[in-house]
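One-letter residues, chain by chain:
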There are 2 protein chains.
Amino acid sequence: MKILIVGGVAGGMSAATRMRRLDEAAEIIVFERGHYVSFANCGLPYYVGGLIEDRSALLLQTPESLASRFRLDVRIDHEVTGIDRAARTVSVRDTVTGRISTEGYDRLVLAAGATTRSVLPAGSDVPLYTLRTVDDVDRITALLTEAAGPGGTVEVSAVVIGAGFIGLEAVENLVRRGVHVTAVEFAGQVLGPLDPEMAAPVAAVLKAHGVDVRVDTSVRSASAGRVTLSDGTDVAADLIIEATGVLPDTSLAAAAGLRIGESGAIWVDDTQRTSDPLIYAVGDGAEKVDAISGGPTRIAMAGLANRHGRAAADSIADSAGDSLAGAPGVAVAAEPAFGVAIVGVFGTTVAMVGWSERRLLATGRAHRVVHTHPSDHAGYYPGAEPMSVKLLVDAATDAILGAQIVGGHGVDKRIDVIATAMAGGLTASALSRLELAYAPQYGSAKDPINQLGYVADNLAAGTTRSLQWHELPAALAAGETLVDVRTAGEFAAGSIPGAVNVPLDELRDRFGELPAGSLVVHCQVGQRGHTAARLLSQLGREVRNLDGGYKTWAAGAAALAASPRAAVASASSAASVLPVSPAAPALPTERIVA
Amino acid sequence: MKILIVGGVAGGMSAATRMRRLDEAAEIIVFERGHYVSFANCGLPYYVGGLIEDRSALLLQTPESLASRFRLDVRIDHEVTGIDRAARTVSVRDTVTGRISTEGYDRLVLAAGATTRSVLPAGSDVPLYTLRTVDDVDRITALLTEAAGPGGTVEVSAVVIGAGFIGLEAVENLVRRGVHVTAVEFAGQVLGPLDPEMAAPVAAVLKAHGVDVRVDTSVRSASAGRVTLSDGTDVAADLIIEATGVLPDTSLAAAAGLRIGESGAIWVDDTQRTSDPLIYAVGDGAEKVDAISGGPTRIAMAGLANRHGRAAADSIADSAGDSLAGAPGVAVAAEPAFGVAIVGVFGTTVAMVGWSERRLLATGRAHRVVHTHPSDHAGYYPGAEPMSVKLLVDAATDAILGAQIVGGHGVDKRIDVIATAMAGGLTASALSRLELAYAPQYGSAKDPINQLGYVADNLAAGTTRSLQWHELPAALAAGETLVDVRTAGEFAAGSIPGAVNVPLDELRDRFGELPAGSLVVHCQVGQRGHTAARLLSQLGREVRNLDGGYKTWAAGAAALAASPRAAVASASSAASVLPVSPAAPALPTERIVA
């Protein structure tokens, strides 16, 4: 059994090492067009920022270490340029010597990853980089050091194009090095996969750290240390980093006549097999199944690449039958992907899973929304940090469709719990009954997750009715009365235009003051509003609670102030806020996060 | 509808406030025998330690705040002394005036919590406290201040009886105040619910912080500032804190002829109803259903108390039918409880869920065990902290039966993910396919959870075979050869007696050196051992991998060195290591954790 693997980073190397553990006798050759295998690609921005000081920490394995431990034949600087499926061979070019050779295979694994496409107009002469390889960061750090001059005294400026997950990591790490950064985003908000009111606090964090955030903006031209933006303004730029999303690298597969899926990635079955049963594909180049829609999608994530690399090895071992001495590979069908993503930026953590409200609205799927603003742990224990949480729920089945969280400590925990609940098929209401570890430094007796479940349960049971921040203008236009049930002090510190203030604890006594007609109540985060809504509803009033309270409303208002394209409510407008640039058409970066 | 609630802390107050939100018209009276309601009982130790400085932070609600917001009639210093089920009344004693009164009910909720029983012999005159009420901590802090003398210069000593979850919180916070602490534990290890090799690192942490840890020990007598232990030694003690576990307070229920369950707690159905359909019970006094066995159990947890308090209110609203104006209470059947617990001690976090290996062995349930020692996040990113993880898996179904984790950052996240996976019915192997949020500061592309799944999957598929640290002596006695595949340097720094050292990367070349017969391989944490086992097995050798490697073996050896009763392997010995003291018979503190 001779197995060739194209690509030696996450998916390819997972396939190679698992294959060896399943088949000591197999001949396994890994071709990597770059100079490094199995490097820490997710660590690259942090090396630029100096947080990872030791460059060798990025290099997790070498061809030598992989040879001695796994008896792998790893050939760096070798690019596979073609596949002859009939002959079961590939053409390989040694990128150092230029020599072309041919290698036969019994099984072939494609793990070549993704490519980027530049959105920069021709003729730009400002140095341009992506953040994808060790070579990239070597060049970026060399340029930053040179631009800073002797002693590092010269101010260095950079433009980062694309304010998605990778773009924000680039921004943070350039700032960490003292670089002045302009973040240019074609969409109406940073972090396009998030809903606008969840992304707004992230933009505020960026601005608070001196980042010049430009949404609804693209780059018109770049030369002589200046970048001209689509709004005609000029910003300084010693370099440009492009983080506009990635495209699956399907060149080899397409040239070989393998089926390309609807998503534009290489079609695979649930054992990672392409349309040629002897050829597998894994990682960013391979199509995934979206867990929410059941349809094809593209998600570029290291975790999925590793998982699918291992699955491909299992499938090869299985398909090889008894030719593998004692190999008990048990190929398990790949499960659909939820697309879990996280990013840290200046101490704030942003995480998401599944679909956004915008996407649900755009596809017309009936859903419920829950916003909460809990603390990561019990408020009476020192150091509690706030977070904002959004949960998307299927209106018919109560299934969890997605979540977004922005905050400090404990955000990563809650997104992982929700992702696990989704994988386990728990309903949103069932989150109220989850047993989670509680001591006051770690959580609350009613954990943020339980709280989400309580609200979802109340909505599902009809115990409470809510409306979203973007639905408020229509309610007010229809003559509904907005009642702010916070204290007079909270009201004075900032309120929603048109609201009347009747504090919750006075609501029973002052019930008679409320005007006739439908009511909308709100508090700071939604909890007192719920109590008020229950009270008023039992007293015979038609009432809805403004979901997430003043805090969510204010975030939505900030998003709209930054860009009218940040609207989430209108299905027709939803498409327009996808980060689709004329120069890079139809990148579904909504799902391309890493 | 008139609803009386006995007990005004977690479960009782959750029932009361939910009841109000469901029924604005109901008359709701809460009787609390203490002076405080809705206080932060899980914060009490941290107030003793001074970490929570503001005493008022412990008092989350007052009778006044509950009256104005929820129109609750909260009567503190009122003890319910009897129930007349036929007359539907309770007798209430005002503990300040001594006055007895009678109050009628339509529904009654028992949320009186738990009691403690002292294990201290009669005649002891050292001040003795528990850590359960605001009064307790007021008295403890007053005594500590007085004992420390003017300027706090006198060394204060304390004995904490019981080294379970609450006992360790007491220990940590006394040390935080500069108190010298002796921790006295009747069982052979600290944290009895854990398996001994998982508890051993916790004992080491305690000792490193100056705590005098005495296992296999009880208190014989106490007088004149000295405590005499069962081994005859004498230790100084200005005070004693008893944390020997709690018993459900069933006195009212039993006197009223309500059914008491097998576990010793008040029997309830899956809507928290007792054997009298007008009386409900929630919280530490009420029986739970064990999610692993399906049988009755006792678990004293604030989260369950809150959940069940809310469930009781929902059930009352449902049972009242249309007498509640518009109340849409949807009673959901209570789900079995897993018993998730966590404790922080000197910066180390210890968490568990479900059953231990010891308990599985004692009940004869066929299972698999996985030990891993991952880092909380990618090793190439600064600040990664190690943790030790143990997973218990049903041998027949691959269901997750329990987990234990000890470490630094990220322990709370992983126990919550596992608890959620258990609630969602995910198999252990499915953990390998969980999508979890990955950026290098939060996790790994192969998260510790995924790694557990990989090992579990390899065991389930038969790809690898393992043995536990406590099974090693029998294997060696049977003539199996132990091969340490770590490097020569690691071997020299500490090795398992009888092991021969053949580093993994030399194993193919030195294969011929291995003696005939069955082999056991091991590395530091289990991962290289797995690769070695796969290699040797494919080369025709009978081989098992020592689960968790040298690290788990060393922890087990430390546990056995501290106490021969720390053995986990023998079913017959398992009962003897339960923390059952002659003075406090048959406390199943194995499940009584908070």
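Source: prediction; values computed, not measured.

## Focus: the overall build of chain A
Then step 1. Looking only at helices and strands, one finds 16 helices and 30 strands in chain A.
Then step 2. Over its C-alpha atoms chain A spans a radius of gyration of 26 Å, differing by no more than 12% from the 25 Å that the globule rule assigns to 594 residues.
Then step 3. Across its three principal axes, chain A shows a C-alpha extent of roughly 85 × 60 × 45 Å.
Then step 4. Across the 594 residues of chain A, 62% fall into the buried class.
Then step 5. Restricting the contact set of chain A to residue pairs at least 6 apart, pairs at least 24 apart contribute 64%.
Then step 6. Total accessible area on chain A is roughly 19900 Å²; 53% of this is exposed by carbon and sulfur atoms.

## As for the pattern of salt bridges
Residue and element names in this part refer to chain A.
Then step 1. Evaluation of the coordinates by the stated rule reveals 71 salt bridges over all chains.
Then step 2. Asp314 serves as the salt-bridge partner of Arg18, at 2.7 Å between the closest nitrogen and oxygen. Here Asp314 lies in helix H8 (residues 302-319) and Arg18 lies in helix H1 (residues 10-22), a separation of 296 residues in the sequence. Residues Arg18 and Asp314 agree in their burial class; the two are buried.
Then step 3. One salt bridge in this structure joins Arg465 and Glu542, with 2.7 Å as the shortest N-O distance. Note that Arg465 is positioned in the loop between helix H11 (448-461) and strand E26 (466-467) and Glu542 in the loop between helix H14 (527-538) and strand E30 (543-546), a separation of 77 residues in sequence.
Then step 4. For Glu542, a relative accessible area of 47% puts it in the partly exposed group.
Then step 5. If you follow the salt bridges from partner to partner, you end up with Lys2, Asp73, Arg75 and Glu103 in one network.

## Here's the deal with the interface of chain A and chain B
Then step 1. Listed as interface residues are 87 residues of chain A and, on the opposing side, 87 residues of chain B.
Then step 2. In terms of surface lost to chain B, no three residues of chain A exceed Tyr380, Arg433 and Glu435 of chain A, which account for 11% of the buried area on that side.
Then step 3. The tally of links from chain A across to chain B stands at 13 salt bridges.
Then step 4. The closest approach of N and O atoms between Lys413 of chain B and Asp416 of chain A, which form a salt bridge, is 3.7 Å.
Then step 5. Our count for the chain A to chain B interface comes out at 37 residue pairs in polar contact (both at pLDDT 80 or more).

## Some points on the confidence of the model for chain A
Residues and elements named next belong to chain A.
Then step 1. Here chain A shows a mean pLDDT of 92. Residues at 70 or above account for 93%.
Then step 2. Here residues 322-329 is modelled with pLDDT under 50, and outside its nearest four sequence neighbours on either side it reaches 19 contacts, counting other chains as well.
Then step 3. Low confidence marks residues 570-594, where pLDDT is under 50. Its contacts with residues over four positions away, or in another chain, come to 61 contacts.
Then step 4. At the level of chain-chain contacts, confidence expressed as ipTM amounts to 0.94, with global pTM at 0.94.

## What about the packing of aromatic side chains?
Then step 1. All chains considered together, the criterion is met by four aromatic pairs over all chains.
Then step 2. Taken together, a centroid distance of 5.1 Å and an interplanar angle of 85° make the contact between Tyr381 of chain A and Tyr46 of chain B edge-to-face. Taken as a pair, Tyr381 of chain A in the loop between strand E23 (367-372) and strand E24 (387-394) and Tyr46 of chain B in helix H2 (residues 44-48) lie in two separate chains rather than in one.
Then step 3. With a relative accessible area of 11%, Tyr381 of chain A lands in the buried category.
Then step 4. Taking the centre distance of 5.8 Å and the plane angle of 35° together, the rings of Tyr550 of chain A and Trp553 of chain A count as tilted. Of this pair, Tyr550 of chain A and Trp553 of chain A are both found in helix H15 (residues 549-562), three residues apart, which corresponds to roughly one turn of the helix.
Then step 5. Overall, Tyr550 of chain A belongs to the buried group, its relative accessible area being 18%.
Then step 6. Relative accessible area serves as the criterion here: at 18%, Trp553 of chain A is assigned to the buried category.

## Observations regarding the sheet that holds strand E11 (residues 180-184) of chain B
Residue and element names in this part refer to chain B.
Then step 1. Read from one edge of the open sheet, five strands run E9-E16-E10-E11-E12, paired in parallel fashion. Edge strands, defined here as strands with exactly one partner in the open sheet, are strand E9 (128-129) and strand E12 (212-214).
Then step 2. Pairing analysis gives five bridges linking strand E10 (residues 157-161) to E11, with the strands arranged parallel. Bridge pairing links Ile161 to Val184 in E11.
Then step 3. Packing of helix H4 (residues 134-147) onto the sheet brings it into contact with E9 and strand E16 (239-242), and relative to E16 it is tilted by some 155°.
Then step 4. Running at roughly 170° to E10, helix H5 (residues 165-176) makes contact with E10, E11 and E16 of the sheet.

## Focus: the pairing of E10 of chain B
For a regular strand, side chains alternate in direction, first toward one face of the sheet and then toward the other.
All names here are of chain B.
Then step 1. In terms of burial, E10 is largely enclosed, as five of its five residues are buried.
Then step 2. Here E10 shows two buried faces, one formed by Ser157, Val159 and Ile161 and the other by Ala158 and Val160.
Then step 3. Crossover handedness for the path E10 to H5 to E11: right-handed.
Then step 4. Of the pairings in the sheet, the one linking E10 to E16 comprises four bridges and is parallel in character. Of the residues in E16, the one forming a bridge with Ile161 is Glu242.

## Let's talk about the environment of Ala237 of chain B
All names here are of chain B.
Then step 1. You can see Ala237 is positioned in the loop between strand E15 (234-236) and E16.
Then step 2. Judged by its relative accessible area of 2%, Ala237 is buried.
Then step 3. The spacing of Ala237 and Asp136 is 101 residues in sequence and 17 Å in space, taken between C-alpha atoms.
Then step 4. Among residues more than four places away in sequence, those in contact with Ala237 are Val126, Ser157, Ala158, Val159, Gly225, Arg226 and Val227.

What counts and how
- Residues numbered from 1 in each chain as written.
- Chains lettered and ligands numbered in written order.
- Predicted model: local features only at pLDDT ≥ 70, side-chain atom pairs only at ≥ 80, totals over all residues.
- Heavy atoms only, no water.
- Helix = DSSP H or I, 4+ residues; strand = E, 2+ residues; numbered from the N terminus.
- Rg over C-alpha atoms; globule rule 2.2 N^0.38 Å.
- Buried < 20%, exposed > 50% of the residue type's maximum accessible area, 1.4 Å probe, protein only.
- Contact = heavy atoms within 4.5 Å.
- Areas by Shrake-Rupley, 256 points an atom, 1.4 Å probe, with all protein chains shown as cover.
- Salt bridge = Lys/Arg side-chain N within 4 Å of Asp/Glu carboxyl O.
- Buried area = accessible area lost by both parts, 1.4 Å probe.
- Polar contact = N/O pair within 3.5 Å; in protein donor to acceptor, adjacent residues only side chain to side chain.
- pLDDT = per-residue confidence, 0-100.
- Phe/Tyr/Trp six-rings, centres within 6.5 Å; stacked < 30°, edge-to-face > 60°.
- Pairing = 2+ DSSP bridges.
- Axes fitted to C-alpha atoms, helices over the stretch in contact; angles between N-to-C directions.
- Right-handed = clockwise from strand over helix to strand, strands pointing away.

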